[in-house]
Amino acid sequence: MALKEVELLVNGERRQIAAEGDTPLLYALRNDLKYNGAKFGCGLAQCGACTVLIDGQPVRSCVTPIAGLAGRQITTLEGLGTREKPHPVQRAFIELQAAQCGYCSNGMIMATVALLAANPKPGDAEIRSALEGHLCRCGTHLRIIRAVRRAATLLAQEKQS
Amino acid sequence: MTMSLSRRDFLKAGAGLIVEFQLAPYAYSQTPQTGAPPARPIDAWLAIDAEGQVTVFCGKVELGTGIETAMAQLVAEELDVAFPSVHLVMGDTARSVNQGPTVGSKTLQQGGPQLRRAAAEARLTLLAMAAEKLAVAAEQLRVADGVVSAPNGSQVSYAQLVGGKRFARTVGDTARLKSPADFRIVGREQARVDIPGKVTGSHNYLHDFRLAGMLHGRVIRPNAIGAKLKAVDEASVNSLPGNVRVVVKGNFVGVVAEREEQAIAAAAALKIVWTPPASGLPAMSELEATMRRTSAETQQMTAAGDVDAALKSAARTLTASYRTPYQSHGSIGPSCAVAEVKDGRLTVWSATQGSWMLAGNLATLLGLPPAAVRVIWMEGSGCYGHNGADDVAADAALLSQALSRPVRVQWMRSDEHGWDPKGPAMIVDLRGGLAADQRIVAWDYQVITPTHSSRPAGGAGGNLLAGLLQGMAPRLAMTGGNRNAPTNYQIPNHRVTVHWLKESVLRASALRGLGAPQNTFANESFIDELAAAAGADPIAFRLKHLAGDSRAIDLLAKVREISGWTPRPSPSTSPRKVSGPVLRGRGVAFARYENEFASAAVVVEVAVDRKSGMISVPKVHVAHDCGLIVNPDGLKNQIEGNIIQTLSRALKEQVTFDRNGVTSVDWVSYPILRFSEIPEDINIALLNHPEDVMYGAGEATAVTVFAAVANALFDATGVRLRSVPFTAADVLRELAHRKA
């Protein structure tokens, strides 16, 4: 059976992939486009490890079919920044050493980017609420909360300069 | 009660480890640890290239705890090179030294001294080479950042001396390790080397590893534990896309396809008929009764005095039983492996904790000679013990062997929650006696537990799930369930008895701390119960039974200080005077891991909603002693993780099962702590002991948490919960019971 060509707009680039329309975005990103930032955690939209941004909104890519994503702006962890030039949220996570195994980091960071875009100065309860649907098993939650606060500061500084 | 090993004996034994490592075989080869071993050359441990970059062939692996950074700190320190120039090759059976599996908080403790010594020997060798080159006595040379300098200003770098060449010298015991006073890297904050990659999507996770021509596999497990395969209808997946193939070996069933989502769809669509097992699992409500009547092997672990006579003559006696459930690892990423069988050789990329042990078991499973199996470790999702990492490697290897193609398998969430080996349920029965002077005079401890390890070992195919499903026998030793069954308290008449169950309701293996959190739950709850019976402050009561144990005393004093502890007996009388809806309390627990290693004293603050029974933990205080500290912030990260993960186990976690198998197969049926439930603060005091050896810190704090929470709940409410997890329903039931 021939697979259909689907065009996705990922991290600002148009990419063609050959896959069924019901293929979850997660597999297209990871296996076809080699964007490995988003991780498979549950396939049930329960843990958040696969989170990407679609038009700026956090979405669980493990349950999002690629059909219907034409023209939508998909942003992955790699689309934020790099090791050499990290995004302020990534920088904050590094500064505060807010990871252990790091498998959940993708979701935490993507959710933080979306949170801070909507609410540049979130309080503690708002941070916890924005991350409530993201699971971390190593127990780095307090570091993550501190990193979100730090990221808010870094983004504010970036805006000013 | 004291252990048979004194601290002094232990320190001697610790030194013995260093001697032993020189005698142990070095593991360029797949050879198991038998026969007369050759001494290890420095080249087995590390290499320096022409740019001065140092590669360390480390047998221990990064499980998410930060040991890659800490181990590199140790090597950079002893070798006198800049920290960023040290890189680790971890857990590759073809390249790394077999330092044993990465388990039991033994990485820095046992693996660290080995790396230090190898690095120190390498430095000594380099100094001798430099002395010759610069024509200056070695004693006059100084080293900084891999550059050797003579008093006359002449210099030579390590790269110039040995870059790309072999040391060709054996690690002996000539080199002296640095004195802690001279440390410039060890003991200082070091940002973890893995975090920048992890937060930018460039870290090399196993889960992101792909080979050319690789197929994607998924496994289909029996619909009941012990069910036998009756029929597989391959036609049910023939029309699916992706050139789906079905592989059947005994009761092992797998599918492969070209694309990952195709393999997932095929696994869901494959029609299989299973023959149910003759008898199912016991009902969950029968777990305790089942365990109590399961055949057991009894081990007298420690005994002193006359416990029965002391109980009889005690001024007051107490009895209590404590129960802990089956719990799961719950790694966020389900286990994954990539395997390639080619030309009669198997290569597996795996996040296993024990590459060498896994290689041996895979050899048996695939019918290959052990030397034909190479395991290359890559970092996976966080590992807190023996999860599905080894089992999935077996799945991938079998599928690759059947299809002669590289195969990647990642378990689905239900595979991991449903089939990873579980931390087993335990029961502890305790009897204790107080003398008239309110000291503990008798302590009778009985624990009922299956073994806490079914790790790959001894080449047994049945230590892998795919082997079990093919009828291969596992090789199990009774281990882990007795961990921290003895206490460190001084009690004149004591007895610790372990009843090792010959069967476990669910397949059991190592979960963080093995039996230590459960045994410490019993010990540290019971000592609290005795303290309450004696009308004593819980910390003061503990201190009374720790005379002479200065490290334990220091820890308890420190946690008392940082938590603002007011000495008084539990339960608190003040909260119930308050008419408000929230009951507040605090509880303490102390443990020394395996009675000998890292120690933690923890105070947990709880708030209990009187109406709903809801428990929250606003604050936790930890005083921690793991001997010499390598990376203080890395250590704090570990301690915080220990607390949060074990709070989750204490308040929420219980594997549920029916007659067929595990029913808690996702994050809804097996909930873990979420952001809204995390403490506001974890307040940590690190007690550094540079004069001591390094003890691993992966578990000591976790061990204390069940008891500290139970003790805090008792302090807040006056009710004693003796079964983990502690739920709102338990609180309400016990509060109502107490009122009645």
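In this text, all values refer to a predicted model and were calculated from it rather than measured experimentally.

J.: Where do I start with the overall build of chain B in this structure?
T.: The helix and strand tally for chain B stands at 21 helices and 24 strands. Its C-alpha atoms put chain B at 80 × 80 × 45 Å along the principal axes. Counting over 740 residues, chain B shows a buried share of 56%. For chain B, restricting intrachain contacts to residue pairs at least 6 apart in sequence, the fraction spanning at least 24 positions comes to 79%.

J.: Help me understand unusual backbone geometry in this model?
T.: Residues apart from glycine generally show negative phi values, whereas peptide bonds are mostly found in trans. Residue and element names in this part refer to chain B. In this structure, Pro-571 follows Ser-570 across a cis peptide bond, with omega equal to 0°. You can see Pro-571 is positioned in the loop between helix H17 (550–562) and helix H18 (574–577). Even without being a glycine, Ala-168 presents a positive backbone phi close to 50°. Located in the positive-phi region is Glu-594, a residue other than glycine, with phi close to 55°. Within the secondary structure, Glu-594 sits in the loop between strand S21 (582–592) and strand S22 (599–609).

J.: I tried to follow the sheet that holds strand S3 (residues 51–54) of chain A on my own but got confused; where do I start?
T.: Hydrogen bonds along the backbone pair up the strands of a sheet, which may run parallel or antiparallel. All names here are of chain A. Across the sheet, five strands lie side by side as S2-S1-S5-S3-S4; this open sheet has mixed pairing. Taken across any chain shown, the strands that pair with only one partner, and hence form the sheet edges, are strand S2 (13–18) and strand S4 (57–60). Taken over all neighbouring pairs, the strand axes of this sheet differ in orientation by 45° on average, direction set aside. Sheet analysis places S3 next to S4, joined by four bridges and oriented antiparallel. Within the sheet, the bridge partner assigned to Leu-53 lies in S4 and is Pro-58. The strands that helix H4 (residues 105–118) touches are S3 and S4; relative to S3, the one it contacts most, it runs at about 30°.

J.: Sorry, what's going on with the nonpolar core here?
T.: Inside soluble globular proteins, nonpolar side chains tend to come together where they are buried. Within the largest apolar cluster, 273 residues are counted, with the highest numbers of intra-cluster contacts made by Val-75, Leu-362, Ala-397, Val-602 and Val-709 of chain B. Counting residues per element, this core draws most heavily on helix H20 (residues 700–717) of chain B, at 13 residues.

J.: Would you explain the domain arrangement of chain B in this entry?
T.: How big an interface is tends to be stated in terms of the accessible area lost upon association of its parts. Residue and element names in this part refer to chain B. Each assigned domain of chain B is listed with its residue range as follows: domain 1 (7–188), domain 2 (210–277 + 329–419), domain 3 (284–327 + 422–501) and domain 4 (530–739). Between domain 2 and domain 3, the C-alpha centre-to-centre distance is 35 Å. The interface is formed by 20 residues belonging to domain 2 together with 16 residues belonging to domain 3. When residues in the side of domain 2 that touches domain 3 are grouped by element, the largest group, seven residues, is from helix H11 (residues 355–366). A per-class count over the side of domain 2 that touches domain 3 returns eight nonpolar, eight polar and four charged.

J.: In this structure, what is going on with the interface of chain B and chain A? I would like to understand it.
T.: Residue-level contacts link 45 residues of chain B with 48 residues of chain A. When residues of the side of chain B that touches chain A are traced back to their parent elements, those giving at least two are helix H6 (195–200), helix H8 (260–269) and helix H19 (632–651) of chain B. Classifying every residue of the side of chain B that touches chain A by side-chain character gives 15 nonpolar, 18 polar and 12 charged.

J.: How should the environment of Val-136 of chain B be read in this particular structure?
T.: Structurally, the position occupied by Val-136 of chain B is in the loop between helix H4 (107–134) and strand S4 (142–144). Since 17 C-beta atoms lie within 10 Å of it, Val-136 of chain B is described here as partly exposed.

J.: Any chance you could explain the sheet that holds strand S13 (residues 316–324) of chain B here in plain terms?
T.: All names here are of chain B. Spatially, five strands are ordered S12-S20-S19-S18-S13 in an open sheet, and the strand pairing comes out mixed. The two strands at the open ends of the sheet, each matched to only one other strand, are strand S12 (296–304) and S13. Neighbouring strand axes in the sheet, compared pairwise and without regard to direction, differ in orientation by 10° on average. With eight bridges connecting them, strand S18 (residues 426–434) and strand S19 (residues 440–449) associate as antiparallel partners. For Val-428, the partnering residue across the bridge sits in S19 and is Val-447. With respect to the sheet, helix H15 (residues 516–533) is in contact with S13, S18 and S19, its orientation differing from that of S13 by roughly 150°.

J.: Sorry if this is basic, but what is going on with the confidence of the model for chain B here?
T.: Predicted coordinates in regions of low pLDDT should not be interpreted in detail. All names here are of chain B. When pLDDT is averaged along chain B, the result is 93; 94% of the residues meet or exceed 70. pLDDT under 50 marks residues 1–38. Its contacts with residues more than four places away, or in other chains, come to 49 contacts. For this predicted complex, the interface score ipTM comes out at 0.98, alongside a pTM of 0.95.

Calculation rules
Residues numbered from 1 in each chain as written. Chains lettered and ligands numbered in written order. Predicted model: local features only at pLDDT ≥ 70, side-chain atom pairs only at ≥ 80, totals over all residues. Helix = DSSP H or I, 4+ residues; strand = E, 2+ residues; numbered from the N terminus. Buried ≥ 20, exposed ≤ 12 C-beta atoms within 10 Å, placed from the backbone. Contact = placed C-beta atoms within 7 Å. Pairing = 2+ DSSP bridges. Axes fitted to C-alpha atoms, helices over the stretch in contact; angles between N-to-C directions. Core = buried A, V, L, I, M, F, W, Y, C linked by C-beta atoms within 7 Å. Domains from an automatic or database assignment. Nonpolar A, V, L, I, M, F, W, Y, C, P; charged D, E, K, R; others polar. pLDDT = per-residue confidence, 0-100.

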